[in-house]
Amino acid sequence: MSEMLRAPAEVKYADELDYLESVDTGPKPFSWRLSPRMVRLFVLGSERADGLDREIAQKWFGDRSFVERSIVTLASDRGLLLIGDPGTGKSWLAELLSAAICRNSTLVVQGTAGTTEDHIKYSWNVSMVIARGQSRESMIPSPIMTAMERGVIGRFEELTRSTSDVQDALISILSEKYVSIPELNDDNIVFAKPGFSVIATANSRDRGVNDLSSALKRRFNFVRIPVVTNKRSEAEIVRFRTEELLRRHSIELDVPPTLLDILLQSFADLRAAAASATSDDEKLESALSTAEQIGVLEDAILHSQFFGDRTLRPETLAGSLMGSLARRSPEDLAILNKYLHGVVEPRAKQDGGGWEGFLDGGRQAIASLS
């Protein structure tokens, strides 16, 4: 694990998963490693009422009902589609569910305009085909086909980014639960084992890119993941991810609660401005998601560690925020400048504290970017 840049959830939380398996007495669907109740507990964390002799950390922050519906869907062997705005934790939830259910979250297909049918079915090892001909040994199964053969979860990221041909190929897999290999005369069908299912994700902002057909929609249960708007929940997510970052980089640095409040309030202000905007030019290109907040804070922490005095300051936080959110010039710069003068400056005069440094850092960043 120490040699991995980013360990998958089943490796990162192996001790917790081992423990939950050892105490799990509940009924398990198919070949699941954990019962549905324990899967939920792994994702959402333990409480005193669970009666465990060790604490299980909360890893996904959101409505419990979304997690429960996702688990029930997978237990019914239907496909699960997690849909929502960018940065709402869809992929992270899919990874955690896969890790808890089958201890393998790495059977992933990334949907893009270049994704082909081969990526979800199979391809061929050309050198082996030339030497020995087409056979099961010379076939390269896709992550989805591998999941079928093992009876585990396959993941499909950004489903609406893939073309209609790829989506159509997925329909037969989800409905028939097998893949035909017409190039072979014998052993030419791969049947899905019990436990196989697909977790797909899609960004709601991609609507109209490659819309899902009604036939494919019927093969999935939809779970819509909303943007986190509760400040307390959002603070927990940001704090959780920040602590992971500090541990990964072996950084000893305190994030002052006042600066976390400034970050959360800044995003809340900018979201409110975007909601009241009358045109796209008056909105930041950024989705202003929780994931982007984490990115801003991560950037500020690393900058303070490597180029500062290892103390997180409001000026550094403001510079990271402006640098991360100013993607269009001059549109985004104008919006951020208006925010500094119209919201941050009056707040700095009234409240002082970290807002004064945040205002100074923001002005400097805007000036350097202009």
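Cut-offs applied
- Residues numbered from 1 in each chain as written.
- Predicted model: local features only at pLDDT ≥ 70, side-chain atom pairs only at ≥ 80, totals over all residues.
- Heavy atoms only, no water.
- Helix = DSSP H or I, 4+ residues; strand = E, 2+ residues; numbered from the N terminus.
- Buried < 20%, exposed > 50% of the residue type's maximum accessible area, 1.4 Å probe, protein only.
- Contact = heavy atoms within 4.5 Å.
- Areas by Shrake-Rupley, 256 points an atom, 1.4 Å probe, with all protein chains shown as cover.
- Lys, Arg positive; Asp, Glu negative; His and termini not counted.
- Charge placed at Lys NZ, Arg CZ, Asp CG, Glu CD.
- Pairing = 2+ DSSP bridges.
- Axes fitted to C-alpha atoms, helices over the stretch in contact; angles between N-to-C directions.
- Polar contact = N/O pair within 3.5 Å; in protein donor to acceptor, adjacent residues only side chain to side chain.
- Salt bridge = Lys/Arg side-chain N within 4 Å of Asp/Glu carboxyl O.
- Parallel < 35°, antiparallel > 145°, perpendicular 65-115°, else oblique.
- Left-handed = near helix turned anticlockwise from the far one by under 90°.
- 1 Å grid on protein atoms, 1.4 Å probe; cavity = no way out; pocket = protein on both sides within 12 Å on 5 of 7 lines; lining within 4 Å.
- Points joined across faces, edges and corners; volume = space filled by probe spheres on them.
- Nonpolar A, V, L, I, M, F, W, Y, C, P; charged D, E, K, R; others polar.

**Q** I'd love a proper account of the overall build of the chain, names of residues and values included.
**A** Check the secondary structure of the chain and you find 15 helices and nine strands. Taking the principal axes of the C-alpha coordinates as reference, the chain spans close to 75 × 50 × 40 Å. When each of the 370 residues of the chain is scored for burial, the buried share is 48%. Sequence separation of at least 24 residues holds for 71% of the intrachain contacts in the chain that already meet a minimum separation of 6. For the chain, the accessible surface area stands at approximately 18200 Å², while carbon and sulfur atoms represent 48% of it. Each charge class in the chain was averaged separately, 44 positive and 53 negative side chains, and the resulting centres sit 4 Å apart.

**Q** I'd like to hear about the sheet that holds strand S8 (residues 197-203), residue by residue, with values.
**A** Reading across the sheet, the five strands line up as S2-S5-S8-S1-S9 and stay open at both edges, with parallel pairing between neighbours. Both edges of this open sheet fall to strand S2 (108-110) and strand S9 (220-225), since each of them pairs with a single strand only. The average angle at which neighbouring strand axes cross in this sheet is 20°, direction not considered. Note: strand S1 (residues 79-84) against S9, six bridges, orientation parallel. Of the residues in S9, the one forming a bridge with Gly-84 is Ile-225.

**Q** Any chance you could break down the side chain of Asn-104 for me, citing the residues and the numbers?
**A** On the secondary structure map, Asn-104 appears in the loop between helix H5 (90-102) and S2. Under the relative-accessibility criterion, Asn-104 is labelled buried at 14%. One polar contact links Asn-104 to Thr-106, side chain to side chain, over a distance of 2.7 Å. Discounting chain neighbours no more than four positions away, the residues touching Asn-104 are Glu-10, Ser-98, Ala-99, Arg-150 and Ile-153.

**Q** Now, about the pattern of salt bridges: what can you tell me, with residues and values included?
**A** Any two side chains of opposite charge can pair, on the condition that their charged atoms come close. Overall, the coordinates contain 19 salt bridges when judged by the stated rule. With a closest N to O distance of 2.6 Å, Glu-68 and Arg-40 form a salt bridge. Separated by 28 residues along the polypeptide, Glu-68 in helix H4 (residues 64-75) and Arg-40 in helix H3 (residues 36-44) bring together distant segments of the chain. Taken together, the shared-partner salt bridges in this structure form one network comprising Asp-18, Glu-21, Arg-33 and Arg-103.

**Q** Explain the packing of helix H11 (residues 257-276) against helix H14 (residues 331-351) residue by residue, including any values.
**A** Here H11 crosses H14 at 125°, and the two axes come no closer than 11 Å. As the angle between them shows, H11 and H14 are arranged oblique. As H11 packs across H14, the resulting crossing turns out to be right-handed. Two secondary-structure elements touch here, H11 through Gln-265, Ser-266, Asp-269 and Leu-270 and H14 through Leu-336, Tyr-339, Val-343 and Arg-347.

**Q** How would you sum up the pairing of S8? Please name residues and give values.
**A** Buried residues dominate S8, accounting for seven of its seven residues. Burial along S8 is two-sided: Ser-197, Ile-199, Thr-201 and Asn-203 and Val-198, Ala-200 and Ala-202, pointing in opposite directions, are all buried. Relative to S8, S1 is paired through five bridges, and the arrangement is parallel. Within S8, the position partnered with Ile-83 by the bridge is Ala-202. In the sheet, strand S5 (residues 153-157) pairs with S8 via four bridges, with the strands oriented parallel. Paired with Phe-156 across the strands is Ala-200, a residue of S8.

**Q** Can you lay out the pairing of S5 for me, pointing to particular residues and giving the numbers?
**A** The element S5 is largely enclosed, with a buried count of five among its five residues. Side chains Ile-153, Arg-155 and Glu-157 of S5 all project onto a buried face; the interleaved residues Gly-154 and Phe-156 project onto the opposite face, where all are buried too. By the bridge criterion, three bridges tie S2 to S5 in an arrangement that is parallel. Across the sheet, the residue bridging to Gln-110 is Glu-157, located in S5.

**Q** Give a detailed account of the layout of surface pockets, specifying residues and quantitative values.
**A** Its volume calculated, the largest pocket comes out at about 1100 Å³. If you go around the largest pocket, you meet 40 residues; those closest to its centre are Arg-6, Lys-12, Trp-92, Arg-241 and Glu-244. Going through the elements one at a time, H5, S5, S8, helix H10 (231-248) and helix H12 (290-307) are the ones with two or more residues in the lining of the largest pocket. For the lining of the largest pocket, the element with the most residues is H10, which contributes eight residues. For the lining of the largest pocket, the per-class residue count stands at 17 nonpolar, ten polar and 13 charged.

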